[in-house]
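Descriptive structure summary
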Amino acid sequence: MSAHVRADRDVCIGAGNCVMTLGSVFDQDDDGVVVVLQPHPDGVDPELLQRAVVMCPAGAITVTTT
Amino acid sequence: MADVLTDRLPLFPFRSPDEDPFTPVTTADRRHLDGPVTRVRLPTGGWTWLVTRHADVKQMLRSDAFSADMTRPGFPLLRTPPPATPQNRRGGFIRMDGEEHLRLRRMLTAEFMIKNVRRIEPLIADVVDGALDALDGAGAPADLVATFALPVPSLVICHLLGVPYADHAFFQQRSAVMLDQGADPLAVRDAATSLRAYLGGLIETKRTSGRPGDDLLGRLVSDRIRTGELEIGELIGMALLLLIAGHETTANMIGLSVLLLLQRPAVWQRLREGTDADADTLVEELLRYLTIIRTGLPRQAIRDVQIGGRLIRAGEPATALLSLANRDAEVFDDADEFDPYRQAHQHLAFGFGVHQCIGQPLARAELRIALTRLARRLPGLALAADPAALPKRDMSIVYGLAELPVTW
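What counts and what doesn't
Residues numbered from 1 in each chain as written. Chains lettered and ligands numbered in written order. Predicted model: local features only at pLDDT ≥ 70, side-chain atom pairs only at ≥ 80, totals over all residues. Heavy atoms only, no water. Helix = DSSP H or I, 4+ residues; strand = E, 2+ residues; numbered from the N terminus. Rg over C-alpha atoms; globule rule 2.2 N^0.38 Å. Buried < 20%, exposed > 50% of the residue type's maximum accessible area, 1.4 Å probe, protein only. Contact = heavy atoms within 4.5 Å. Buried area = accessible area lost by both parts, 1.4 Å probe. Salt bridge = Lys/Arg side-chain N within 4 Å of Asp/Glu carboxyl O. Polar contact = N/O pair within 3.5 Å; in protein donor to acceptor, adjacent residues only side chain to side chain. Expected span 1.5 Å × (residues − 1). Pairing = 2+ DSSP bridges. Axes fitted to C-alpha atoms, helices over the stretch in contact; angles between N-to-C directions.

On to the overall build of chain B. Scanning chain B from terminus to terminus reveals 17 helices and 10 strands. Its C-alpha atoms give chain B a radius of gyration of 21 Å, within 12% of the compact-globule value 22 Å for 408 residues. Summarising its shape, the C-alpha atoms of chain B cover approximately 60 × 55 × 35 Å along the three principal directions. Within the span of chain B, comprising 408 residues, buried residues form 56% of the whole. The long-range fraction of contacts in chain B, counting pairs at least 24 apart against all pairs at least 6 apart in sequence, stands at 73%.

Let us look at the environment of B:Val156. Looking at where B:Val156 falls in the secondary structure, it is placed in helix H9 (residues 151-161). Contacts of B:Val156, omitting those with residues within four sequence positions, involve B:Ile124, B:Val127, B:Leu362 and B:Glu366.

With that out of the way, let us pick up the interface of chain B and chain A. Reports of interface size often rely on the accessible area that becomes lost once the parts have come together. Taken residue by residue, the interface counts 20 residues in chain B and 24 residues in chain A. Carbon and sulfur atoms make up 50% of the area that chain B and chain A hide from each other, which totals about 1,700 Å². When the buried area of chain B at its contact with chain A is split by residue, B:Arg106, B:Ile114 and B:His345 rank highest and sum to 28% of it. Our count for the chain B to chain A interface comes out at 1 salt bridge. In this structure, the salt-bridge partner of A:Asp27 is B:Lys115, at a minimum N-O distance of 3.0 Å. Counting across the interface, chain B meets chain A through 10 residue pairs in polar contact (both at pLDDT 80 or more). Of all elements in the fold, only helix H3 (54-62), helix H5 (98-105), helix H6 (114-119) and helix H17 (360-377) of chain B reach the threshold of two or more residues within the side of chain B that touches chain A. The greatest single-element share of the side of chain B that touches chain A, amounting to 3 residues, is contributed by H17(B).

Once that is clear, we can look at helix H13 (residues 232-262) of chain B. In an α-helix there are 3.6 residues to a turn, and that puts residues three or four apart on one side. The end-to-end C-alpha separation of H13(B) is 45 Å, in line with the 45 Å expected for 31 residues at 1.5 Å each. The buried fraction of H13(B) amounts to 28 of the 31 residues, a majority that puts the element mostly inside the structure.

This part takes up the sheet that holds strand E1 (residues 37-41) of chain B. All names here are of chain B. Strand order in the open sheet formed by 5 strands is E1-E2-E8-E5-E3, with mixed pairing between adjacent strands. Edge positions in the sheet fall to E1 and strand E3 (66-67), since each of these pairs with one other strand and no more. Across 4 bridges, strand E5 (residues 297-301) lies against strand E8 (residues 317-320) in antiparallel orientation. Of the residues in E8, the one forming a bridge with Arg 299 is Ala 318. Against the sheet, H3 makes contact with E1, strand E2 (47-51), E3, E5 and E8, and its axis sits at roughly 120° relative to E8, the strand it touches most.

Here we come to helix H11 (residues 185-208) of chain B. All names here are of chain B. In a regular helix each residue adds 1.5 Å, so 24 residues correspond to 34 Å; H11 covers 34 Å between its end C-alpha atoms and thus fits that length. Burial in H11 covers these residues: Val 188, Ala 191, Ala 192, Leu 195, Arg 196, Tyr 198, Leu 199, Gly 200, Leu 202, Ile 203 and Lys 206. Buried residues belonging to H11 abut helix H4 (86-89), H9, helix H10 (168-179), helix H12 (216-225) and H13.

All right, on to the sheet that holds strand E10 (residues 405-407) of chain B then. Residue and element names in this part refer to chain B. The strand order across the open sheet formed by 3 strands is E4-E10-E9, and the pairing between neighbours is antiparallel. Only two strands of the sheet have a single partner each, and these edge strands are strand E4 (142-143) and strand E9 (382-383). Summarising the sheet, E9 and E10 pair through 2 bridges and their orientation is antiparallel. Bridged to Ala 382 within E10 is Thr 407.

Structure, rendered in structure tokens:
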């Protein structure tokens, strides 16, 4: 099982919940728009990844598991 | 819109029970709510769908089927709007939809992101310590709202924006009028007009001086006004929004939080002795349990949409009731109980969707720093009044306490 994290930068509103939840996977650029630091985060708690998804107010984050 | 059917609906906004300022609805109110999406009567004579479940509130606030534009006919208003003054609405992006809203919001996102808030945490700590020095120096008893809860976020937002705190009496009084649902519409218009004139003067000074200053308004003048991306009227509206939001929200969270914590000595002690991570967990539960945006978030459907099994038709008003969504037993065990150790991160106290509070990292940092330092500096803090008799702001968009008498 490995997770693939994507973020839609056109949809992002810069609320920063993803960074608050998982600062090792998500960051914000100089404009406050989401940046995925680890598209394939190994060893990250899947529950926290899921939390980042449900807490994104704009629905910008998707995590697929293969 | 008033009709016989509407007259029979329960009146919204609800009031806290007298004996319990933390609970957003009385038992009688709950009895009147006949489902998760239910109609209520508004003081302006109209009605609105009240959306009360966590999942439904999230769906509604994420959906582009709803408009946030209060000027639309049929929008659910809690008070008679002031006479139309289009200039007073410019830049107020929380009442805009789609690209118009995003364009202005995106100019501010970097200012409030977590890494920038972390940089100003020492400033917040200095502001908090300064307020505590003044409070302790003046001696007990004191009104904690006037001496601590309001000045702390006020000083912080003034510093961030580049607004002189010396003018605080002027803008705090007008800010309170703008949020008071019981205020006279003409007084609301006059408050908005005079605040805009004041902020316009400040911005003009920054624009015409050679150095606009290293503060938020100064940066927007340098980076956006001079490039033509933003107009002065829009910047004034954005500044007004941030000034008001920065004042009332965190101030009322601090006041209510202190009232609650002083009635729970074990939690107060843990705040004093625990880690920052403990305090962060506590702050999330305070945000959930207190939900100061008590009158909810008003919207209007712009097309037919299903919410919680109800068809809300195009043109109908709907209000997302954050306070009840945050007490939804489907999401939070024992939702009506305050549990400082629960994981309350799913709360909707900052709203949801594209309008979710832009200042939430700042609000969280202010709450953690203010409450922790207060508990450590004044461990013997105690209420100096009957909690049930404290004056509450039931009719304000931002719920809270008008006063909090304390001693130590």
